[in-house]
Amino acid sequence: MAKMEKWARIKYQPVLPIGPDGRKITGSSDHIKLSYTAATEGIVLLKNEGGALPLKEGSKVAIFGNAQIDYVKGGGGSGNVHCEYVRNIYEGFKLKADKVEVFEELSLYYKESVAKAYAAGGKNGMLEESEIPEELLCAAREFTDTAIITINRYSSEGSDRRNDGKDTYFVLSDREQNMVKSVADNFKNIIVVLNTGAMIDTSWFADNDKISAAIMASQGGMEGGLAIADVIVGEVNPSGKLVDTCARSFDDYPSSYNFHESDDYVKYTEDIFVGYRYFETVSGKAEAVVYPFGFGLSYTSFEFSDLSAREKDGKIEVSVTVKNTGNVAGKEVAQVYYSAPRGRITKPAKELCAFAKTSLLAPGAKETLSMSFDISDMASYDDVGDVRRSAYVLESGEYKIFVGNSVRNLCELDYKYALSEDVIVRQLTEYCAPERLGRRLTESGEYIEVADRVIERKTFDPDYRSPKKIPESDEDIKPLIEVARGNISLDDFIAQLTDEEMMTLLIGKANTGVANTSGMGGLAKYGVPTPMTADGPAGVRINRSTGVRTTAFPVATMIACTWNLDLMEKIGVAGALEAKENNLSIWLTPALNIHRSALCGRNFEYFSEDPFVSGKMAAAKVRGIQSQGIVATVKHFACNNKETNRKESDSIVSERALREIYIKGFEIAVKESKPRLLMTAYNIINGVRASENAELITGILRKEWGYEGVVTTDWWNTADPATEKLAGNDIRMPHSLRTNKKITDSGIVSGVDRDTLAACAKRLLEMILWLE
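Residues numbered from 1 in each chain as written. Predicted model: local features only at pLDDT ≥ 70, side-chain atom pairs only at ≥ 80, totals over all residues. Heavy atoms only, no water.

Outline the pattern of salt bridges, listing residues and values.
For the coordinates displayed, the defined rule picks out 56 salt bridges. Here E605 ties to R602 by a salt bridge, and the two come within 2.8 Å at their closest N and O atoms. Given a relative accessible area of 1%, E605 falls into the buried group. Take R602: its relative accessible area is 1%, and that puts it in the buried class. One network of salt bridges, with partners in common, ties together E157, R602, E605, E643 and R646. (Salt bridge = Lys/Arg side-chain N within 4 Å of Asp/Glu carboxyl O. Buried < 20%, exposed > 50% of the residue type's maximum accessible area, 1.4 Å probe, protein only.)

An account of the packing of aromatic side chains is needed here, citing residue identities and associated values.
For the coordinates displayed, the defined rule picks out 22 aromatic pairs. Relative to F250, the ring of F170 lies with its centre 5.7 Å away and its plane at 55 degrees, an arrangement referred to as tilted. One end of the pair, F170, is in the loop between β4 (146–152) and α6 (174–186); the other, F250, is in the loop between β7 (246–247) and β8 (265–267), with 80 residues separating them in the sequence. Ring centres 5.0 Å apart and planes at 80 degrees place the aromatic pair F355 and W563 in the edge-to-face group. Of the two residues, F355 is situated in strand β13 (residues 351–357) and W563 in the loop between α13 (556–562) and α14 (565–581); the sequence distance between them amounts to 208 residues. When its relative accessible area of 11% is taken as the criterion, F355 is described as buried. Through successive ring pairs, a cluster of aromatic residues spans Y276, F293, Y337, F355, W563 and F612. The ring of Y265 has K267 lying over it, and the distance from NZ or CZ to the ring centre is 5.9 Å. K350 extends its terminal NZ or CZ atom over the ring of F402, reaching a point 5.0 Å from the ring centre. (Phe/Tyr/Trp six-rings, centres within 6.5 Å; stacked < 30°, edge-to-face > 60°. Helix = DSSP H or I, 4+ residues; strand = E, 2+ residues; numbered from the N terminus. Lys NZ or Arg CZ within 6 Å of the ring centre and 35° of its normal.)

Help me get a handle on the sheet that holds strand β17 (residues 397–406), residues and values and all.
In spatial order, the strands read β13-β12-β17-β18; together these 4 strands make up an open sheet with antiparallel pairing. The two strands at the open ends of the sheet, each matched to only one other strand, are β13 and β18 (409–419). Between one strand axis and the next, the sheet turns by 20 degrees as a mean value, whatever way the strands run. (Pairing = 2+ DSSP bridges. Axes fitted to C-alpha atoms, helices over the stretch in contact; angles between N-to-C directions.)

Can you tell me about helix α15 (residues 611–626), naming the residues and giving the values?
Along an α-helix, residues three or four positions apart point the same way, because every turn accommodates 3.6 residues. With 16 residues, α15 should reach 22 Å at 1.5 Å per residue; the first-to-last C-alpha distance of 22 Å fits that figure. Counting buried positions over the 16 residues of α15 gives 15, a clear majority of the element. Of the residues flanking the start of α15, the one acting as N-cap is D610, its side-chain oxygen 3.0 Å from the backbone nitrogen of F612. (Expected span 1.5 Å × (residues − 1). Polar contact = N/O pair within 3.5 Å; in protein donor to acceptor, adjacent residues only side chain to side chain.)

Break down the nonpolar core for me, with residues and values.
Core analysis: the biggest nonpolar cluster contains 165 residues, and F64, F93, I232 and Y662 have the highest contact counts within it. Contacts of I232, omitting those with residues within four sequence positions, involve L53, P54, L55, F93, I148, I191, V193, I215 and Y299. (Core = buried A, V, L, I, M, F, W, Y, C linked by side-chain atoms within 4.5 Å. Contact = heavy atoms within 4.5 Å.)

Talk me through the packing of α14 against α15; I want residue IDs and the actual numbers.
Two elements in contact, α14 and α15, have axes whose closest approach is 7 Å; the angle formed by their N-to-C orientations is 40 degrees. The angle between α14 and α15 places the two elements in the oblique class. Classified by chirality, the crossing of α15 by α14 is right-handed. In this structure, α14 contributes L565, M568, E569, G572, V573 and A576 to the contact, and α15 contributes K616, M617, A620, K621, R623, G624 and I625. Taken together, the residues of the contact of α14 with α15 sort by class into 7 nonpolar, 2 polar and 4 charged. (Parallel < 35°, antiparallel > 145°, perpendicular 65-115°, else oblique. Left-handed = near helix turned anticlockwise from the far one by under 90°. Nonpolar A, V, L, I, M, F, W, Y, C, P; charged D, E, K, R; others polar.)

How would you sum up the pairing of strand β2 (residues 59–64)? Please name residues and give values.
Consecutive side chains of a regular strand alternate in pointing toward one face of the sheet and then the other. For β2, the tally of buried residues reaches 5 of 6 residues, placing the bulk of the element in the interior. Pairing of β2 with strand β3 (residues 100–102), which is carried by 3 bridges, proceeds in the parallel orientation. Bridge assignment links S59 to a residue of β3, and that residue is V100. Remark: the β2/helix α3 (residues 89–94)/β3 crossover connection has right-handed handedness. Bridge count for β2 against β4 is 3 bridges, and the pairing is parallel. Bridge pairing in β4 places A62 opposite A147. (Right-handed = clockwise from strand over helix to strand, strands pointing away.)

Break down helix α16 (residues 655–662) for me, citing the residues and quoting the values.
The buried fraction of α16 amounts to 8 of the 8 residues, a majority that puts the element mostly inside the structure. The complete set of buried residues in α16 reads E655, R656, A657, L658, R659, E660, I661 and Y662.

Run through the packing of helix α2 (residues 29–42) against α14, naming residues and quoting values.
Contact geometry for α2 and α14: axes closest at 11 Å, N-to-C directions at 150 degrees. If you check the angle between α2 and α14, you find them roughly antiparallel. Read as a crossing pair, α2 and α14 show a hand that is left-handed. The residues of α14 that touch α2, namely those facing H31, L34, T37, A38 and E41, are L567, K570, I571, A574, L577 and E578. Looking at the contact of α2 with α14 residue by residue, the class counts come to 6 nonpolar, 2 polar and 3 charged.

Quick one: what's the story with a negative patch on the surface, residue by residue and with numbers?
On the surface, a cluster of negative charge is contributed by E472, D474, E475 and D476. Tracing the backbone shows D476 in the loop between β21 (447–450) and α10 (481–484). Given the relative accessible area of 41%, D476 is considered partly exposed. (Patch = residues over 30% accessible without salt bridge, like charges linked within 9 Å, V, L, I, M, F, W, Y side chains within 5 Å. Areas by Shrake-Rupley, 256 points an atom, 1.4 Å probe, with all protein chains shown as cover. Lys, Arg positive; Asp, Glu negative; His and termini not counted. Charge placed at Lys NZ, Arg CZ, Asp CG, Glu CD.)

Let's hear about the sheet that holds β2: which residues, and what values?
The 6 strands are arranged β1-β6-β5-β4-β2-β3 in an open sheet whose pairing can be described as mixed. Two strands bound the open sheet, and with one partner strand each, they are β1 (44–48) and β3. In this sheet, adjacent strand axes meet at a mean angle of 25 degrees when their direction is disregarded. The pairing of β1 with strand β6 (residues 213–216) spans 4 bridges and is classified as antiparallel. Across the sheet, the residue bridging to K47 is A214, located in β6. Sheet strands in contact with α6 are β2, β4 and β5 (189–195), and its direction is about 170 degrees off that of β4.

Here it is, written out as structure tokens:
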């Protein structure tokens, strides 16, 4: 195919496939295979007593539960993807007929029950569990002594789940409990499959001796059902590891007691003690863990040896040799944690700082993994002045290094990093501190009271100065392509624009082609094209009515469970190519908010309870996307950890927790992969809307982290457009009469100085110039 001129796909919307030999790449077999591979590698084997899995060839199984038919490929809202098909669990096992025989009568009963529920208005993943007819249960028992119990959960953007009896998201419903009891009373070998995008109760099978095996199958995209079947029959050896802690009860999570306290706010009183940072630190809480962070079994065994660490050039370099000591080929994940010395600043007992995954190791084979992290990564942010206020501090003492395959299965290295005195790593400025947090948790498990404050928020002047040189006639206009060709500077181009034209540039534009989430840019008089956006993150979301079917990849949480950054990067590449083929230039992914509570409706879109895993996964995806000339968008900045009243709810959080937990992943992604676009969140953060938050956007993101890309609002927020521009939020989305009217009514052109508008416009135009 001949090379296109710059912006040809944006301007002309050509119908030109970009796959091998001129074939279409969108929804291609190669991409579907990649989706399947990610699903198999993200499945976590939680329990396997007596080698119950994999099933032996020739086994007979009876599959129970609606979820075998009502398979949930991913969550709802902007994260939903329209694909050619979704292979459910039953269909996956049917493709394994040479390995196992399924009791057809039972599965067909569930197929009919699910179809009736759909016809009556039931929705995928939200159906009441079907009751098992006694005669069918008896027939299944006569057919086999091996049963598979399937359980699913669904959640969506725009709403949270509850755990109050009416919505039993975290625990089993009464119908599900009855099913489990019936199966447990009638079958010798029982396997549990969890098809869920977030943590739910696992104690019911972990503590049940009648249940032999269990897998966390997450939500595996369009080929999730086949991936599950292949793991259970042993075609694939599971290598996934948990990226969230499985607690014994919902109430054991420290965020549970006040998650639904108010629609108007959430107080993050657990502070930095989220997930394993809580359970591994606070005395007596370890017993509340069923399956720890980083945990995952295999059909083989591994041995770690030759563990070593050293300091070099401001980094700690860690090496470990991993050997497959079992009889099946498999992959293993090496996880590195540090433990900082107890001091004046309260700290978690352990924190993840590096990880690596082996290649597929044959029995007896071994591989040496080398990992490293910055010494400064072990510093704690002091937001109260215990050592130095508003600074990252390494307190004196020994910093211990651990290597293992979960936070609970670690070997302490002989090497220690020792400091004889405190070191101030980075002196910063207080930004985004709370006025009314009330209290915060410490490592002792006790809360300390936090006095209310009145804080004067900081503002910033634009760094950019723009003269005004309006062309006398249209013939004198220099179009943007002249900047791309090097004939004029971008500064000279911007000088041509009136304030009103710059404001027009900074509003979303109408959809073209298959786009349904609006475009950016678009100033025809000056030759500024209008690149279109597409939702994510589990694939490129294109309206079903267009007839285009893209690849539905596993949800972000499942991909994080692979602990495989190369695989994540490949998914970024694949999605970017599908976007490009459909003339879409901006993919609205990755999302990397933290799994603070199991009830958040968008957990499936996010990676983990841990900011390090989240940041590394996001950076890998951004690298893959932008390697293909497509803009990646990290979102939602920040503290979008609750969907209820998300546009008006205030996330009240300490500055330390904000920096170390809730925006740390963004920091990693920004610094490592340089995303071209970042999306602010709907919510309020400590009294200031995220999209209007100058301290967050300009103070931290731009000045501290050095971010040079574009900042966009989320779609249809309720913030003030003028305040957003002054805060450094460049563009307001989407294109709609409501958006345009709000900007007109706000008097933004008269309320914002030209230099601020020009700074926003310049960043947007730099992004457009970067596009092919």
